[in-house]
Amino acid sequence: MMRETRIRRMPMALSAVGALALAVVPLPAVLDAFRPDFLVLVVFYWCIESPRAGGLSLAFFSGLALDVIHGVVLGQHALALTLMGAWATHLRLRIRVFSVLSQCLTVFLLLTGYQFVLFWVDGATGNPVTTFGRWLAPLIGALLWPVLTNLMGKIHER
Amino acid sequence: MVAFRSTDASGRVTGLLFRCVLYSLLALALIIVDKRYAHLVKIRQVLSVAAYPVQVAVASPFQGWNWFRDSVTTRDVLRADKARLEAELRVAQFRLQRYEALEAETQRLRALRDRTEGVTDRFVIGDVMNVDLDAFRERVLVDKGAGDGIYVGQAVLDSGGVFGQVARVGQLTSEVILVSDAAHAIPVQINRNGLRTIAVGTGETNRLKLPYLPTSADVTAGDLLVTSGLGGGFPAGYPVGTIAEVKRDPAQSLADVDVKPAAALDRSKELLFVWLKPQAAELLPPPKPVAVPKK
């Protein structure tokens, strides 16, 4: 197929920018703690969908963008996203044949790992955030995963 | 689940481990350099310019809506507003009459007592951008940056009182850490009796606490807290908050004091960035290098 020979990076970049915007859209304070890591989900999607298009580079630079936008120590989200993106890439063949439930569980695991790396860097740089709220995001993100993959798949098919 | 195309499934990803290790080491190096040294401040300023379009794009629908709402208000509403503002202005002018005299007097008294606390010199107004930074930290993004002369550690006020200080400066934007952030502390004194202490943020928007007052301290609910000006970061005499509750447990040596902040931390849209008068600043010891604003 033609599509196989030519790697399309445009949908990748556009979805990443869209997810980055969703990461800073103002929400009511009550909902703010429930905001899933949209960009992380998008990066996982591309790591699994077309790993040869440079999912890991996307992961690193998306992480860097998150660092700048969140105003935390530079490299924190980049490290977490690189590690978890690599893991997602490693597991991609298995994830593709998983049932929806297993996919959600795997993504929950990946997102929790992501939060754990963030948590660890926060602690190591002397800014610990110890509220339980931050462990909610992986749960919401995992629940959102089937919706996101279907949506992205539809956009990608065009 | 048809979300993933199967055609790509057999493709091997070459050098995954290598790239993973490479990027991870790069990220770790960034973390260490950003934490320990000041080299990345410039890079971050440049990167924040790159992030600016996204932030503006997110904030603009809200600004557009506000603009729309402003443009369609009726004449009656505008007239009512005008009447109210005129009345407020009259009161304000009446109060202002004595201000000049009082300021001169204050300066004289300060000189007599040889105090070095800061006096405000000039200020710039910045708008809070409608962007969420981090759900678990009390910070806001403001549309004034290094290009407007904003510096790290600068005091930020709103119409009610002390709002926070500048934590990080980009070229076009800056990040303000609120007084209620768990990593923020501000030297204060109780207006009624001059008792000095430190107000520390709690991470909750509408609560500060005074963790360093002994149970025997003369403090009651309703007392006004103002900045003491010690430490040189904040100008003296601006309201920080009022004491909401004092819990004294005889078994403890320190009282548990809750403060309600004076600034509208969750509502203010316009903030004042304040510069201190130079002569006051000169008398202070030179500030430490502020590469890392928070430890």
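All values reported here derive from a predicted model rather than from experimental measurement.

Colleague: How should the confidence of the model for chain A be read in this particular structure?
Modeller: As a note on interpretation, predicted positions should not be read in detail where pLDDT is low. All names here are of chain A. Here chain A shows a mean pLDDT of 84. Residues at 70 or above account for 94%. Per-element averaging of pLDDT across chain A places helix α1 (residues 2–5) at the bottom with 44 and helix α6 (residues 76–90) at the top with 92. Every residue in residues 1–5 scores below 50 in pLDDT, and together they form two contacts with partners more than four places removed in sequence or on other chains.

Colleague: Just checking my understanding: could you explain the interface of chain B and chain A for this structure?
Modeller: Where interface size is given, it is often the accessible area lost as the parts come together that is meant. In this complex, chain B contributes 42 residues to the contact, which on the side of chain A involves 50 residues. Contributing elements (two or more residues each) for the side of chain B that touches chain A: α1 (16–36) and α2 (40–71) of chain B. A per-element tally of the side of chain B that touches chain A places α1(B) first, with eleven residues. Looking at the side of chain B that touches chain A residue by residue, the classes come out as 24 nonpolar, six polar and twelve charged.

Colleague: Even after reading the chapter, I still don't get α2(B), so can you show me in this structure?
Modeller: Side chains of residues three or four places apart in an α-helix project in the same direction, reflecting 3.6 residues per turn. In a regular helix each residue adds 1.5 Å, so 32 residues correspond to 46 Å; α2(B) covers 43 Å between its end C-alpha atoms and thus fits that length. A maximum bend of about 35° is found in α2(B) at Ala51(B), where proline Pro53(B) lies one to four positions downstream. Among the structural elements, α2 (10–24) and α5 (55–70) of chain A together with β2 (139–142) of chain B are those in contact with the buried residues of α2(B).

Colleague: What is the right way to look at the environment of Val43(A) in this model?
Modeller: Residues and elements named next belong to chain A. Relative to the helices and strands, Val 43 is located in helix α4 (residues 38–49). Residue Val 43 is classed as buried on the basis of its 29 C-beta neighbours within 10 Å. Taking the C-alpha atoms as reference points, Val 43 and Ala 88, separated by 45 residues in sequence, lie 9.3 Å from one another. Excluding residues that lie within four positions of it along the chain, Val 43 makes contacts with Gly 55, Leu 58, Ala 59, Ser 62, Leu 81 and Gly 85.

Colleague: Where do I start with the sheet that holds strand β6 (residues 185–190) of chain B in this structure?
Modeller: Strand pairs in the sheet, formed through backbone hydrogen bonds, run parallel or antiparallel to each other. All names here are of chain B. Ordered in space as β6-β7-β8-β11-β10-β9, the six strands form a closed barrel in which the pairing is antiparallel. With strand direction ignored, the average angle separating the axes of adjacent strands in the sheet is 40°. Of the pairings in the sheet, the one linking strand β8 (residues 208–210) to strand β11 (residues 256–261) comprises three bridges and is antiparallel in character. Considered in β11, the bridge of Lys 209 is made with Asp 258.

Colleague: Any chance you could explain the packing of α5(A) against α2(B) here in plain terms?
Modeller: Between two packed helices, both the angle of their axes relative to each other and the distance between the axes serve to describe the pair. Two elements in contact, α5(A) and α2(B), have axes separated by 9 Å at closest approach and are oriented at 95°. Relative to α2(B), α5(A) is oriented roughly perpendicular. Two secondary-structure elements touch here, α5(A) through Ala65(A), Val68(A) and Ile69(A) and α2(B) through Arg44(B), Leu47(B), Ser48(B) and Ala51(B). Split into classes, the residues belonging to the contact of α5(A) with α2(B) amount to five nonpolar, one polar and one charged.

Calculation notes
Position numbers for residues count from 1 along each chain, tracking the sequence in the order it is written. Here chains are named by letter from A upward and ligands by number from 1 upward, in the order in which they appear as written. Whole-chain, interface and lining totals are the exception, using all residues; otherwise, since this is a predicted model, local features are given only for residues with pLDDT of at least 70 and side-chain atom pairs are given and counted only at 80 or more. pLDDT runs from 0 to 100 and stands for how confident the predictor is about each residue. Counting from the N terminus, the helices are DSSP H or I runs at least four residues long and the strands are E runs at least two residues long. The contact rule is simple: place each C-beta atom from the backbone, and if two of them lie within 7 Å, those residues are in contact. In this classification, Asp, Glu, Lys and Arg are treated as charged, Ala, Val, Leu, Ile, Met, Phe, Trp, Tyr, Cys and Pro as nonpolar, and every other residue, Gly included, as polar. An expected span of 1.5 Å times one less than the residue number is assigned to each helix. By definition, a residue's bend is the angle between the axes fitted to the seven residues ending there and the seven starting there. The burial criterion counts other C-beta atoms lying within 10 Å of a residue's C-beta, which is placed from the backbone; the residue is buried at 20 or more, exposed at 12 or fewer, and partly exposed between these limits. Two strands pair if DSSP finds at least two bridges between them. Throughout, an axis means a line fitted to C-alpha atoms (over the contacting stretch in the case of helices), and angles, computed between N-to-C directions, take values from 0 to 180 degrees. Working rule for angles: under 35 degrees goes down as roughly parallel, over 145 as roughly antiparallel, 65 to 115 as roughly perpendicular, anything else as oblique.

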